[in-house]
Amino acid sequence: MSELGKYTPLTYFQLMEVSLRELLVEKGVVSDTDVDAVAADMKSRGPERGAKVVARAWTDPAFKRRLLADGTAACVELGLDVPALRLVVVENTPEVHNVIVCTLCSCYPRMLLGLPPDWYKSSNYRKRVVREPRAVLAEFGTRIPDEVAIRVHDSTADMRYMVLPMRPAGTEGWNEERLAGIVSRDAMVGVALAQAT
Amino acid sequence: MVEVKFRPGDRVKVMKAYPLGHIRTPYYIRGCTGVVERVCGAFPNPEELAQMRSGLPAQPLYRVRFVQSDVWPDYRGGRDDTLDVEIFQHWLDKAAG
Amino acid sequence: MIERSHHDMGGLPGGKVERSEHDYAQWERRVDALMVLLSGIRGAKKLLTVDELRKNIEAIGPEAYDKMSYYERWVTSITQTMIQRGVITTEELARKMVEVKRRG
């Protein structure tokens, strides 16, 4: 399906996408309806599922224990649709700050957080965050004190990682919905902290 | 069933090898020594899956924790800073000490 | 250095992380959707593994890898995988690309 009303010549790769898709449809391997439906589904996914998980963990200590023990099972418990996800949730504490990367490609908990941002997939992030996490976090405006240990997780295999940020002060008595509203994607990747704005 | 050789707390050393093919053990971690943080389970071998083979029998996969200053000679962060990487059993040997 | 693959870049020197984010174009979303469907994630027949996808991306030469965008690498890799698996032939692809280009 082309963008109606907009004519620009296809690039080589756009030409490949159209050609590949049409061949696969002709062969009955996929249908245009399925392609559009899956594309629309991914488009609709932002970080809200992840934020919901975090808000529940902040308010329910037993759920948090289950989440840290088996991230996928905890998501399923909340009724979240996260096919093929093997989730490990790592908890930020006053002693430890976690940050996620995939140096080899760009593995990311897509079903929970949506498509990853360009910077997460960029060469500079993949090169530097394993070696100088503090400097990279500072570029994001996040300063981790020297006495806090930084733990970098390189997603090299089948697990996908999400950071459980610390619940900020000033959120006492907030309900889950309000709490979920302050949990950003960047906080769940570990380049930012959750803030009670 | 492939025998699960290591347990959480075991010190393991990553094979210092640089084979061709599709490899999921990052270059920077080869030859380094870390501690098994958890046994992730057993998974088909990605090195084989990439070649359109089954990758079976499933191989044990470990989350191994490395101290950053053991990985980078010029590491300037905290001495408790760590790097967690998932590594398949066939890349690991028991480390001395 | 031949013993280090270009994509295996953890720990190499790099510049400032550009925090830009672009809105995905529809063709990019379709490439993403093709990967999901061909991986069998939504119940369709599994014709691709993420491992083959990665391997074929890694096979892209360093210069091209750096020049190509993320989904340009993906569409290249998915197409290569389909050729390797025999789902499509190179002749079919060639004829189809000529046809599509002619349509405009």
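A brief look at the structure comes next.

Turning next to the overall build of chain A. Counting its secondary structure elements, chain A contains eleven helices and four strands. By principal-axis analysis of the C-alpha atoms, chain A measures approximately 55 × 35 × 35 Å. The buried share of chain A, taken over its 197 residues, is 46%. Long-range contacts, defined here as pairs at least 24 residues apart, represent 66% of the contacts in chain A between residues at least 6 apart.

Before going further, it helps to spend a moment on the interface of chain C and chain A. Taken together, the contact pairs 47 residues of chain C with 42 residues of chain A. Of all elements in the fold, only helix H1 (26-38), helix H2 (50-58), helix H4 (70-85) and helix H5 (90-103) of chain C reach the threshold of two or more residues within the side of chain C that touches chain A. If you tally residues by element for the side of chain C that touches chain A, the top one is H1(C), at ten residues. When its residues are assigned to classes, the side of chain C that touches chain A shows 24 nonpolar, nine polar and 14 charged.

On to the pairing of strand E1 (residues 11-14) of chain B, then. Residue and element names in this part refer to chain B. Residues Val12 and Val14 line the buried face of E1, whereas the alternating positions Arg11 and Lys13 sit on a face that is not buried. Relative to strand E2 (residues 33-43), E1 runs antiparallel, the two being bridged by three bridges. Bridge assignment links Val12 to a residue of E2, and that residue is Gly34. One ladder, built from three bridges, connects E1 with strand E5 (residues 92-94); its direction is antiparallel. Bridge pairing in E5 places Val12 opposite Lys94.

Here we take up the interface of chain B and chain A. Of the residues lining the interface, 16 residues belong to chain B; the matching set on chain A comes to 17 residues. Per-element tally for the side of chain B that touches chain A: the top contributor is strand E4 (residues 82-88) of chain B, with five residues. With four bridges connecting them, strand E3 (residues 149-154) of chain A and E4(B) associate as parallel partners. Counterpart to Val152(A) in the pairing with E4(B) is Leu83(B).

The omega angle of the peptide bond from Leu56(B) to Pro57(B) is 0°, so this bond is cis rather than trans. Of note, Pro57(B) is situated in the loop between helix H1 (46-49) and strand E3 (59-67). Positive phi values are uncommon outside glycine, yet Ala84(A) reaches one of about 65°. Tracing the backbone through its elements, the reader meets Ala84(A) in the loop between helix H5 (71-77) and strand E1 (87-91).

Analysis parameters
- Residues numbered from 1 in each chain as written.
- Chains lettered and ligands numbered in written order.
- Predicted model: local features only at pLDDT ≥ 70, side-chain atom pairs only at ≥ 80, totals over all residues.
- Helix = DSSP H or I, 4+ residues; strand = E, 2+ residues; numbered from the N terminus.
- Buried ≥ 20, exposed ≤ 12 C-beta atoms within 10 Å, placed from the backbone.
- Contact = placed C-beta atoms within 7 Å.
- Nonpolar A, V, L, I, M, F, W, Y, C, P; charged D, E, K, R; others polar.
- Pairing = 2+ DSSP bridges.

So, to be careful, I would describe these as geometric facts and stop short of saying anything about function.
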